[in-house]
Amino acid sequence: MIKLHQVNKSYDQFQAIQSVSLEINKGEIYGIIGASGAGKSTLLRLMNLIEVPDDGEVEVNGEALTKLSSRKLRQARKSIGMIFQHFNLVANRTVYENVAVSLALSGFPRTERRGRVMECLRFVGLESLMGQYPAQLSGGQKQRVAIARALANNPQVLLCDEPTSSLDPNTTAEVLSVLEDVNKSLGVTIVIVSHEMEVIKSICTKVTVMENGKVFETVSTSPQGVQKIDDNPQYFVEQLVRNGAIDHA
Amino acid sequence: MPEILLQYEAEIFQSIGETFVMVGISIVAAVLLGLPVGTFLFLSRKGHMLDNPFIFSALNLLVNIIRSFPFLLLVVFLIPFTRLIIGTAIGTAAATVPLAIIAIAHYSRLVEQSLLDVPKGVIEAAISMGASVKEVVFKFLYVEARSGLVLGLTTSIISFISYSTIMGVVGGGGIGDFAIRYGYQQFKTDLMLYMIIIMVILVQLIQFTGMTVSRKIDKR
């Protein structure tokens, strides 16, 4: 579903991503974890080309994004949803309008927009708040609106950049269960960047550990295995492999 | 009603009308040209959507130069240009040329500032949804910055009124010119004071309207 091949990205002198290759399969909930500055958010932004790689290839839904014209790229982005740590809703638009704008961008038939917006809001359980403005919502509700907005155009992939990092534990669980639902009932492939082990533990099926702009290790998760992951990826991966708690991907 | 106001009623109304024409055209210029110039200043900045050092520096320099002229000198400096496009450099119509130019430069800066206040994440979200530059501007930036854009325009309009008061030098007329010629130069101090009161009321009304509108449309 998503393939990165030998991707590099640097800012001035700083190499944020160093020849990273990875492959994410359809239907996975794929976690990317690492300390801050490890390059995980940059890696996620390369997957919809919000960050343009210096070299290497990015392929999503079978399309080589790096080779598309800017018009085609915009088209391709419509089937790649994205949500953010700070939600990034338009504060001057209502919940309804925030979702509707995403349909307007994709040229979704005008007469069917209302039905589709309501469908998405119902999915995240917020149809009753359609007339509210983001400032009137809790963090968890805002993130659910953002999920509804990202789902409006039936994306194949949902990229999540620290989706729960500004939420409290209860709300985190609420948002994660929505994401799990998105994956299970809509079959959307999900990529989650997080520095919180809880998140990875609770829903990811596979996890990549990043360190200094490189993929340190990619492992499939098993409940016992992931528990031991901490801030020292080298240590935890060695430990996990030794204990047979995880399999190399 | 004080007698002196009745005595000059016709002239006063005429000068108020001239002020409205000069300020009105400045507002139109600010919105139709200042808004796009400010938007391009924002978009062409380093790290923004149309990152282009050449366009940015050119616009930036132009706006700075216009704004650094003492306004009276700008009016004089522009006389040949005014004559070229209006046919004369004298009168209310001619006065609108330098006013429109300063209006564009003035408002474009405030537009740029308002757009810089829009959280970068909102723009990023828009791009991730496949929005084109035009869509980002109209469906996201202007929507999110709208209260700042209105407040900026309010501030600009008040400056335009101030600028318009010196247009007497090219026969532009207006309340300020009337106050100088009749109130100051003919020693009718009370008449001058009344004109100042009219200006104060005008500015208060504009400020109040601008603040109210900007608060009403701000849902952040």
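Our structure is the block above this text.
Below is a summary of the structure that appears in this document. (Residues numbered from 1 in each chain as written. Chains lettered and ligands numbered in written order. Predicted model: local features only at pLDDT ≥ 70, side-chain atom pairs only at ≥ 80, totals over all residues. Heavy atoms only, no water.)

### Description of the interface of chain B and chain A
Okay, so step 1: The interface of chain B with chain A comprises 20 residues on the first partner and 22 residues on the second.
Okay, so step 2: Across the chain B to chain A interface the summed buried area is about 1,900 Å²; carbon plus sulfur atoms make up 60%.
Okay, so step 3: As a salt-bridge pair, E124 of chain B and R45 of chain A come within 2.6 Å of each other at their nearest N and O atoms.
Okay, so step 4: At the boundary of chain B and chain A, one finds 8 residue pairs in polar contact (both at pLDDT 80 or more).
Okay, so step 5: Breaking the side of chain B that touches chain A down by element, the ones donating at least two residues are α7 (120-128) and α8 (133-164) of chain B.
Okay, so step 6: Within the side of chain B that touches chain A, the residues separate by chemical class into 8 nonpolar, 4 polar and 8 charged. (Contact = heavy atoms within 4.5 Å. Buried area = accessible area lost by both parts, 1.4 Å probe. Salt bridge = Lys/Arg side-chain N within 4 Å of Asp/Glu carboxyl O. Polar contact = N/O pair within 3.5 Å; in protein donor to acceptor, adjacent residues only side chain to side chain. Helix = DSSP H or I, 4+ residues; strand = E, 2+ residues; numbered from the N terminus. Nonpolar A, V, L, I, M, F, W, Y, C, P; charged D, E, K, R; others polar.)

### Quick word on the pairing of strand β9 (residues 206-211) of chain A
On a regular strand, each side chain points to the face opposite its neighbour's, so the side chains alternate between the two faces of the sheet.
Residues and elements named next belong to chain A.
Okay, so step 1: With respect to burial, β9 is a largely interior element, 5 of its 6 residues being buried.
Okay, so step 2: With 5 bridges connecting them, strand β3 (residues 29-34) and β9 associate as parallel partners. When the bridges of β9 are listed, G34 appears paired with M210. (Buried < 20%, exposed > 50% of the residue type's maximum accessible area, 1.4 Å probe, protein only. Pairing = 2+ DSSP bridges.)

### Topic: the packing of aromatic side chains
Residue and element names in this part refer to chain B.
Okay, so step 1: Across all of its chains, the model carries 6 aromatic pairs over all chains by this definition.
Okay, so step 2: A ring pair is formed by F69 and F77, whose centres lie 5.1 Å apart and whose planes are at 40°; its orientation type is tilted.
Okay, so step 3: Given the relative accessible area of 25%, F69 is considered partly exposed.
Okay, so step 4: Measuring from centroid to centroid gives 4.6 Å for F71 and Y163, while their planes differ by 45°, and the two rings are tilted. One end of the pair, F71, is in helix α4 (residues 71-77); the other, Y163, is in helix α8, with 92 residues separating them in the sequence.
Okay, so step 5: Following the ring pairs from residue to residue traces out a cluster consisting of Y8, F178 and Y182. (Phe/Tyr/Trp six-rings, centres within 6.5 Å; stacked < 30°, edge-to-face > 60°.)

### A short note on the environment of L22 of chain A
Okay, so step 1: Relative to the helices and strands, L22 of chain A resides in strand β2 (residues 14-24).
Okay, so step 2: Those residues in contact with L22 of chain A that lie beyond four places of it in its chain are I2, K3, L4, Y30, L43, M47 and V215 of chain A.

### Examining the pattern of salt bridges
Okay, so step 1: Overall, the coordinates contain 12 salt bridges over all chains when judged by the stated rule.
Okay, so step 2: For the salt bridge of E57 of chain A with K67 of chain A, the shortest nitrogen-to-oxygen distance reads 3.8 Å. In this pair, E57 of chain A sits in strand β4 (residues 55-60) while K67 of chain A sits in the loop between β5 (63-64) and α2 (70-77), placing the two residues 10 residues apart along the sequence.
Okay, so step 3: The class for E57 of chain A is partly exposed, based on a relative accessible area of 37%.
Okay, so step 4: Taking relative accessible area as the criterion, K67 of chain A reaches 61% and is therefore assigned exposed.
Okay, so step 5: The salt bridge involving D177 of chain B is made with R181 of chain B; its shortest N-O contact spans 3.1 Å. Highlighted residues: D177 of chain B and R181 of chain B, both in helix α9 (residues 175-184), separated by 4 residues, approximately one helical turn.
Okay, so step 6: With a relative accessible area of 10%, D177 of chain B lands in the buried category.
Okay, so step 7: Under the relative-accessibility criterion, R181 of chain B is labelled partly exposed at 39%.

### Concerning a nonpolar patch on the surface
Okay, so step 1: Together, V28, V31, L32 and L33 of chain B line one region of the surface with nonpolar side chains, adding up to about 350 Å² of accessible area.
Okay, so step 2: Looking at where L32 of chain B falls in the secondary structure, it is placed in helix α2 (residues 9-43). (Patch = residues over 30% accessible without salt bridge, like charges linked within 9 Å, V, L, I, M, F, W, Y side chains within 5 Å. Areas by Shrake-Rupley, 256 points an atom, 1.4 Å probe, with all protein chains shown as cover.)

### Points about the pairing of strand β7 (residues 157-161) of chain A
All names here are of chain A.
Okay, so step 1: Of all 5 residues making up β7, 5 are buried, and the element is well covered by its neighbours.
Okay, so step 2: Of the two faces of β7, the one carrying V157, L159 and D161 and the one carrying L158 and C160 are both buried.
Okay, so step 3: Summarising the sheet, strand β6 (residues 80-83) and β7 pair through 4 bridges and their orientation is parallel. Bridge pairing in β7 places I80 opposite V157.
Okay, so step 4: Where β7 lies against strand β8 (residues 189-194), 5 bridges are found, and the strand directions are parallel. Paired with V157 across the bridge in β8 is T189.
Okay, so step 5: Between β7 and its parallel partner β8, the chain crosses via helix α6 (residues 169-186), and the hand of that crossover is right-handed. (Right-handed = clockwise from strand over helix to strand, strands pointing away.)

### Topic: the nonpolar core
Okay, so step 1: Judged by nonpolar contacts, the single largest core of 45 residues is most densely connected at I12, Y107, F140, L141, L191 and M195 of chain B.
Okay, so step 2: Taken together, the elements giving at least two residues each to this core come down to α3 (95-105) of chain A together with α1 (3-7), α2, α6 (92-116), α7, α8, α9 and α10 (189-216) of chain B.
Okay, so step 3: Among the elements that take part in this core, α8 of chain B stands out by supplying 12 residues, more than any other.
Okay, so step 4: When near neighbours in sequence (up to four residues on either side) are disregarded, M195 of chain B contacts L5, I12, I175, F178 and A179 of chain B.
Okay, so step 5: Grouped together as the second largest cluster of nonpolar side chains are 44 residues, C120, L121, V145 and M197 of chain A included. (Core = buried A, V, L, I, M, F, W, Y, C linked by side-chain atoms within 4.5 Å.)

### Digging into the packing of helix α5 (residues 139-151) of chain A against α6 of chain A
All names here are of chain A.
Okay, so step 1: The interhelical angle for the contact between α5 and α6, taken along N-to-C directions, is 20°, at an axis separation of 9 Å. One finds that α5 runs roughly parallel with respect to α6. α6 is crossed by α5, and the crossing has right-handed handedness. Contacts between α5 and α6 involve G140, Q141, Q143, R144, I147 and L151 on the former and, on the latter, T171, E174, V175, V178, L179, V182 and L186.
Okay, so step 2: Looking at the contact of α5 with α6 residue by residue, the class counts come to 7 nonpolar, 4 polar and 2 charged. (Axes fitted to C-alpha atoms, helices over the stretch in contact; angles between N-to-C directions. Parallel < 35°, antiparallel > 145°, perpendicular 65-115°, else oblique. Left-handed = near helix turned anticlockwise from the far one by under 90°.)

### A closer look at α5 of chain A
Okay, so step 1: Between its first and last C-alpha, α5 of chain A extends 18 Å over 13 residues, near the 18 Å set by a 1.5 Å rise per residue.
Okay, so step 2: With 10 of 13 residues buried, α5 of chain A lies mostly within the body of the structure.
Okay, so step 3: Turning to α5 of chain A, its buried residues number three or more, namely G140, Q143, R144, V145, A146, I147, A148, R149, A150 and L151 of chain A.
Okay, so step 4: Lining the buried residues of α5 of chain A we find β6, α3, α4 (110-123), β7 and α6 of chain A together with α7 of chain B. (Expected span 1.5 Å × (residues − 1).)

Honestly, that's just the spatial picture; any functional story needs more than this.
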